Amino acid sequence: MSFWFGMILNELPFLGMFAVVASTALAFAQGDLESSASKVTAAVALAAIPGMAVCAWRGLRTDQVVERALEQGLGTGWRDHVHTPLRRRRPWVRILLLPILMRQRGVQRTPNIRYGDAGRRNLLDVYRRRDTPQNAPVLIYFHGGGYTGGAKNREARPLLYRLADQGWVCISANYRLQPETTFPGHQIDAKKAIAWVREHAPEYGADPSRLFVAGSSAGSNLAALCALTPNDPVFQPGFESADTAVTAAICLYGYYGHFFGEEPEVTPSPYQPHEYLNPGAPPFLIAHGTKDALAPVEGARYFVDRLRRVSESTVVYAELPGGQHAFDLFHSARFEAVVDGVEAFAAWVPVSPQRTPDSAR
C-alpha cells in the first residue's frame, strides 16, 4: 500500500508541495476558507508538507550517496580514468517543472523493431541521436513487471534519453510474459535481444563490442542473469553460436529472492542471479532504495555481498535513502543522480581493468 499510494509523491515531492501551497492560496484568495470544515481541510493539506519535505531531502542526498558508491567501487581516483565529459549538475528545471516530459529534441526513437518470433512481446525500440552516431556504445534495457506485465516504453526513460543524447544507442526490449511462457523463456528472449544487437547494431551506428545490459525490477533480474551466463547454450536454444557476452550490467531495484529479517532465508531458484555467480562476472552497478516495499533492500544487500565475494570485477552498490520501487519513472532528483552515476560508471568501465584493487572493493 505504501508503494501504490506514495510512489508519485516520494519521487516528485516538489510538485506535491507546489500543488498544496497553490491550491490553499487560491482557496484563501477566493474566500473559500471561511468555514471551520474548510479550515480543517486546509490545515490537514498543509500538514503534509513536512513529510514531502523529508522525501525531497532524501532525494537531494542521492548524489552524495552515488558519489560515495562510485568511490568505494571504482577507487578514489576514478575520475582520472574517465575521459568522457560528465554532467556536473542535475537538470533542475526539468526536475522541478517538467518531471514527466521524456522526449528530447535531439533524440530519435524508432519503435517496434522485431527481434524474435513472439509477436509484440519480441519487439524493441531504438533510441539514438538524430545525427546518427558512429561506433557508439550500446545499452540494452529490460522493463519490470514481475514477469506478468510491463512494457518497453514505461520505465527508465530518463536514462535512455540521456545516454542517447550523449551519443549512445539505447535499446529497450519487450519479452514474453507469464502465462505465455515461464522461466527460462523470459531469459531466452533477453539473450535473443543481445544476439540481435550483436548482428544489427552497426546499422544504427553502434559498436556491439561495448554492450551494457540494464533493467528494473524483474528486468534487473534478467540483466544480471545475462551478465552472469555469457554464451550459455541453456539460454540460447537455436542460436547457440551467438555471442551474448556483455561489457557490464546495471541493476535497478532488482528482485533477488525472498528475505526475512537480518538473516536471509534463501531458497535455491534457477531464476535468481546469485545461483550463477562466477569469478569471471563483468562489472556491476546496482542501485536499490532503502524503502523498497516490493523488493526489500535486504535482497540487494545479500546479492551484492555474494557478488563481491565471488567476482573478480568491480561491483558498485548505491543504496538510495528513502528510495521506493520504480524510482526510475520520472525526472526526479533521485533518479537523475542515479543517471549521472550510471553514465560515470559506464564511462569508467571500458578504459579500466576489470579486476578491482582490494583497496577499492
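Everything below is about the structure shown above.
Anyway, here's the lowdown on the structure attached to this text. The written sequence of each chain sets the order in which its residues are numbered from 1. In keeping with the predicted nature of the model, local features appear solely for residues at pLDDT of at least 70, side-chain atom pairs appear and are counted solely at 80 or more, and the whole-chain, interface and lining totals rest on all residues. Hydrogens are left out, water is left out, and the side-chain values use all remaining heavy atoms of the structure.

Strand 3 (residues 136-142) sits mainly inside the fold: 7 of its 7 residues count as buried. By definition, two strands form a pair when at least two bridges between them are found by DSSP. Counting from the N terminus, the helices are the DSSP runs of H or I reaching at least four residues and the strands are the DSSP runs of E reaching at least two. Bridge count between strand 3 and strand 5 (residues 206-216): 6 bridges; the pairing is parallel. Following the sheet pairing, Ala136 is matched in strand 5 by Ala206. Note that strand 3 and strand 4 (residues 169-173) share 5 bridges and pair parallel. Considered in strand 4, the bridge of Tyr141 is made with Ser172. Note on handedness: a crossover is taken as right-handed if, strands pointing away from the viewer, the path from the first strand over the helix to the second is clockwise. In this fold, strand 3 hands off to helix 7 (residues 157-165), which returns the chain to strand 4; that crossover is right-handed. Each residue is placed in one exposure class: buried if its accessible area under a 1.4 Å probe, protein chains only, is under 20% of its type's maximum, exposed if it is over 50%, and partly exposed if it falls in between.

A separate point is the nonpolar core. The biggest cluster of nonpolar side chains holds 47 residues, and the ones touching the most others in it are Leu139, Ile250 and Phe345. Here the element with the most residues in this core is helix 11 (residues 333-348); it accounts for 9 residues. Residues in contact with Phe345, not counting those within four places in the same chain, are Leu70, Leu74, Ala248, Ala249, Ile250, Pro283, Phe284, Leu285 and Val316. Ranked by size, the runner-up nonpolar core spans 46 residues in total, among them Ile140, Leu177, Ala249 and Ile286. Nine residue types can take part in a nonpolar core, namely buried Ala, Val, Leu, Ile, Met, Phe, Trp, Tyr and Cys, and a core is a set of them joined through side-chain atoms within 4.5 Å. Residue contacts follow a heavy-atom distance rule, with two residues in contact if any of their heavy atoms lie within 4.5 Å.

With that settled, the discussion passes to the environment of Asp305. Along the polypeptide, Asp305 turns up in helix 10 (residues 297-310). Under the relative-accessibility criterion, Asp305 is labelled partly exposed at 37%. Between the alpha carbons of Asp305 and Tyr317 there is a distance of 9.8 Å; along the sequence they are 12 residues apart. Two N or O atoms count as a polar contact when they lie within 3.5 Å, although within protein this holds only if one can serve as hydrogen donor and the other as acceptor, and sequence-adjacent residues are included solely when both atoms are side-chain atoms. There is a polar contact of 2.9 Å between the side chain of Asp305 and the side chain of Arg309.

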